[in-house]
Amino acid sequence: MASSIEHDSARYRDIIKGRVRKELKQYISHSEMLGRKGKNLVSIPIPRIDIPHFRFDPGGSEGVGQGDGEVGDVLGRARAGPGSGPGAGDQPGSHLMEVELTLDELAQLLGEFLELPHIEPRGKDYLFSDKDRYNSIRRTGPESLRHFKRTYKHALKRQIISGTYDPRNPRIVPIREDKYYRSWTSRPEPQANAAILYMMDVSGSMGQEQKDIVRTETFWIDTWLRHQYRSVVTRYIVHDVKAQEVDQETFYHLTENGGTAISSAYMLADQLVTRDYPSESWNVYAFHFSDGDNWGADSKRACEVVQQMLPKLNLFGYGQVRSYTTGQFLSTLRDFAEGLPEATYPDGTARLVTSLINDRDAILDSIKEFLGKGA
Amino acid sequence: MGSARDFPTLSALNTEIRAKALSYGLDPFDLAFEVVTFDQMNELAAFDGFPVRYPHWRFGMEYERLRKSYAYGLHIIYEMVINNDPCYAYLLEHNKLVDHKLVMAHVYAHSDFFKNNLWFSHTNRRMLDEMANHGTRMHRYVDRYGAEAVEQLIDTCLSIDDLIDPNAAFENLPIEFEHGDEDEEEAFRVSRFRAKDYMEDFVNPPGVLQAEREHQEKERREQRFPVQPMRDVLYFLLTHAPLKAWQADVLAMLREESYYFLPQRQTKIMNEGWAAYWHSKIMTESGLMSPSEVVDYADHNSGTLAISPGQLNPYKLGVELYRDIEERWNTGRFGPEWDSCTSREARRGWDKHVGLGRQKIFEVRRVYNDLGFIDTFLDREFALKSKFFVYKEKEGEAGESYYEIVSREFDQIKQTLLFQLTNGGRPIIFVEDANLHNRGELLLRHQYDGLELDKAYGQATLAAIQSLWTRPVHIATIYSGKSVLLSFDGKKHSESRFEG
């Protein structure tokens, strides 16, 4: 009985995913989905899945109700007007339904859509963590783990053997020797961990639109990497001429004025990586988003820090978001990376990836550039 | 005491309530109660109460919806019962004992209704088995022809599964497939008289024979097929569309289920009203409840009968109308004498002590469906007492729409109500011509009575029919007072003026 509805549910979820997949490009380039993110679920508005019937035009429908009220009284809203709610407005009366997908399902869709390769963890050693399983029995232990059934059986046996068991008054009193306790064994399990460092330029030239693009793109990168690794740690760095580590909230909302020194962020990132995420046990990703409008003399220095940091990273991504100024840092970094041994793995996979994000529609390609290498 | 798994208590309760129901004159099928968990209840509800159905995503969608709305505390399914002999009904595990009592009393009345109401008389009382058989057959087709193909066909059929003829439920139309044309000669039998050879031209002048043959041929060409417009579109497609055997079987199964569920839609008000009437009688008149349970009962009962603006509660309307009928037939407020009495004073105090009320409501539950029930018994006084009104959807300035009370006139209330109940509030569609333009195109006609078809849905449905019929499909309807033909030829939709 149970299997049958589960089959139908699974099929229904497949259909939903199919609908989302069809519209994925639109979902990716719009940031509204981010607001709908729960802990593990994202709720997405899709056109109502319905089986069509011949029916009357619902507009101007009539009905009979019951209760108080004068002629002319308004009972309530029937349908929202055009233009309210996401997606509505292009088709009158097109009803939307909210469906929930887990972040994992979303990542899978993204992966299929962009044909992203699965990531082979690069960490030289896996991080081993102990996992406890309660699967054995001991004679000693805390009372909270006492195995009631076994203890009872042993006490019963003992009392029968020793003749203290009275069937008319079956009182079983366990003594120390009767007691059994549940016990655990620890099994080390390999665990590939990833750390992601997001860096963003918050200088005056980065406007709201640019930050929104960064926000959307990092959401998807995050979703994908979380899908690939068992546990993911994220750190956020903002910079203008000085860099500082901030929390996620501040990262997306902080606006500063002033110049730009990209090297400050890179140096801070390098410190963090060296101190907290040794590459023997971590897969470290660093992404930096800027409009590329760097203070001239700083660019060379920034490149050198990148070179120094690269061996400790799985991937270094630089995304340049177009703003009203024309940033030069992208070309500087590209030139610098040309022929740099640290910028590629021995197998030729790029370790340093740059991407130019012109507008929202370019987010998709940019994600593909960053994650399409499988590094 | 009171735990749901306390089967001896439940069983004793069942015996007691059954005896009570019988003592009132109810005549139910045997009832099999099953105690289920929330999850099982949601699953059963998604399957319309049946433990086994054919595989389809729609059930999964309904299940997810129910599960979510349960998780958010929006609803609890109290009772569910299926029309079968024996009737199956479900009790929710975590309900209180008083709820179980209420559900049992309620469900016995449903069972009585299933068994005795005329409109249910054609339904298969072994539907539980039949549904399981449908599941098995559908699974076999999935194995043989692939899940995609079967699902697509089911989607298509579900799109038109309401195009059946409520009156045809009682005729058992034979499902036979057309076999070629009749013998041409047989079809063209002209009135030739017997004559000797030399007299032939004189007795049977060639010109006359020729004219007669032409006339017949013309008549034949002009005769439409089907001869009468046919309301059971499913049946027509089943017998005349170029379907493979398995496809026809799928369509036939879904048509059968559609006819099975039809009376439940036709008698929603009567059936729920009947059950509400009897559960309140059984619960309050028989000492079933301990004093502490009375409040819980009253709470749930009033919840069942609650009204919300803009929605008609079938439980409430039904039970109150039964009570009104009972009262009227007890006091003799019917017949010519009552109808012709115009004195307000006399009408108010009218009581002829005829005491026919109980007998009358039993008769009503036997012969009426909702449409007849409302048409016959809902009168001006009842409408006034029930505070009915007509609401209409209106458009606001910002393009949003809202419902507004537009009338409290009795005539309009009744008309609107009857319209809502006619064909379940769905448009009435006929197959009019299966050989339109002499090119095997299918013409459907919407019997227009004031409301226009939803065009987007109509076109999508047309496409579904086309995929079965394979030749172009049209539906004639009316938009803004003009005859319009919506067409789909398998590739694109078109719209044209239509005279005919």
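Residue numbers here run from 1 along each chain, matching the order of that chain's written sequence. Written order decides the labels, with chains lettered from A and ligands numbered from 1. Where local features are concerned, this predicted model is filtered to residues with pLDDT of at least 70; where side-chain atom pairs are given and counted, the filter is 80 or more; whole-chain, interface and lining totals use all residues.

**Considering the overall build of chain A**
Scanning chain A for helices and strands turns up ten helices and twelve strands. The exposure scheme places C-beta atoms from the backbone and then counts, for each residue, the other C-beta atoms within 10 Å of its own, assigning buried at 20 or more, exposed at 12 or fewer, and partly exposed in between. When burial is assessed residue by residue, chain A has 31% of its 375 residues classed as buried. It is the C-beta atoms, placed from the backbone, that decide contacts: two residues are in contact if theirs lie within 7 Å. Residue pairs in contact within chain A that sit at least 24 positions apart in sequence constitute 79% of those at least 6 positions apart. Each helix is a run of H or I in the DSSP string that is no shorter than four residues. Each strand is a run of E no shorter than two, and both are numbered from the N terminus.

**Notes on the sheet that holds strand E10 (residues 283-290) of chain A**
Across a sheet, paired strands are connected by hydrogen bonds in the backbone, their directions being either parallel or antiparallel. Residue and element names in this part refer to chain A. Spatially, the six strands line up as an open sheet ordered E9-E8-E7-E10-E11-E12, and their pairing is mixed. Here the strands that pair on one side only, and so sit at the sheet edges, are strand E9 (243-246) and strand E12 (352-357). Taken over all neighbouring pairs, the strand axes of this sheet differ in orientation by 20° on average, direction set aside. Strand pairing requires that DSSP identify at least two bridges connecting the strands. Relative to strand E11 (residues 315-321), E10 runs parallel, the two being bridged by six bridges. Following the sheet pairing, Phe289 is matched in E11 by Gly319. Note on geometry: axes are lines fitted to C-alpha atoms, helical ones only across the stretch in contact, with angles between N-to-C directions running from 0 to 180 degrees. Sitting on the sheet, helix H5 (residues 208-228) touches strand E7 (193-201), strand E8 (231-239), E10, E11 and E12, and the angle it makes with E7 is about 175°. Along the sheet, helix H10 (residues 363-371) makes contact with E11 and E12, crossing E12 at roughly 175°.

**With respect to the confidence of the model for chain A**
All names here are of chain A. What pLDDT reports is the predictor's confidence in each residue, on a scale of 0 through 100. Overall, the prediction assigns chain A a mean pLDDT of 81, with 87% of residues at 70 or greater. The secondary structure element of chain A with the lowest average pLDDT is strand E3 (residues 74-79), at 68, and the one with the highest is helix H4 (residues 148-162), at 92. A low-confidence stretch, residues 80-94 (pLDDT under 50), is modelled with 20 contacts involving residues beyond four sequence positions or located in other chains.

**Comments concerning the interface of chain B and chain A**
Counting residues at the interface gives 57 residues for chain B, matched by 42 residues for chain A. Those elements that place two or more of their residues in the side of chain B that touches chain A are helix H2 (38-46), helix H3 (57-71), helix H6 (147-159), strand E4 (388-395), strand E5 (401-407), helix H20 (410-421) and helix H21 (455-469) of chain B. For this classification, the nonpolar set comprises Ala, Val, Leu, Ile, Met, Phe, Trp, Tyr, Cys and Pro, the charged set comprises Asp, Glu, Lys and Arg, and every other residue, Gly included, is treated as polar. A class-by-class count of the residues in the side of chain B that touches chain A yields 30 nonpolar, 13 polar and 14 charged. Examined bridge by bridge, strand E2 (residues 62-66) of chain A and E4 of chain B share five bridges and lie antiparallel to one another. Each bridged residue has a counterpart across the sheet, and for Val64 of chain A the counterpart in E4 of chain B is Val390 of chain B.

**A look at H5 of chain A**
An expected span of 1.5 Å times one less than the residue number is assigned to each helix. Between the first and last C-alpha of H5 of chain A there are 30 Å, a value that for 21 residues agrees with the 30 Å anticipated at 1.5 Å per step. In terms of residue burial, H5 of chain A counts as a mostly covered element, since 15 of its 21 residues are buried.

**A closer look at the sheet that holds strand E1 (residues 31-36) of chain B**
Residue and element names in this part refer to chain B. Reading across the sheet, the three strands line up as E1-E3-E2 and stay open at both edges, with mixed pairing between neighbours. The sheet is open, and its two borders are formed by E1 and strand E2 (80-82), each paired with just one other strand. Taken pair by pair, the neighbouring strands of this sheet meet at an average axis angle of 20°, ignoring direction. Two strands pair when backbone bridges link them, and E2 and strand E3 (residues 87-92) are joined in this way by three bridges, in the antiparallel orientation. Pairing of Ile82 across the sheet is with Tyr88, part of E3. Lying on the sheet, helix H4 (residues 97-116) is in contact with E1, E2 and E3; it crosses E3 at an angle near 160°.

**Description of the domain arrangement of chain B**
Domain start and stop positions are those given by an automatic or database domain assignment. Along its sequence, chain B is organised into domain 1 (7-117 + 267-302), domain 2 (127-173 + 232-265), domain 3 (184-222), domain 4 (305-422) and domain 5 (427-497). The C-alpha centroid of domain 5 of chain B is placed 42 Å from the C-alpha centroid of domain 1 of chain B.

**Focus: helix H1 (residues 7-23) of chain B**
Residues and elements named next belong to chain B. In this model, H1 (17 residues) spans 24 Å end to end at C-alpha, consistent with the 24 Å of a helix rising 1.5 Å per residue. Those residues of H1 not exposed but buried are Ile17, Lys20 and Ala21. Buried residues of H1 fall within an arc of 95° about the axis and therefore sit on the same side. The exposed set on the far side of H1, more than 90 degrees from its buried face, consists of Phe7, Pro8, Ser11, Ala12, Thr15, Ala19 and Ser23. Against the buried residues of H1 lie H4 and helix H12 (268-285). Looking at the residues trailing H1, positive phi occurs at Gly25, about 100°. Directions drawn from the helix axis to the C-beta atoms are what define this arc.

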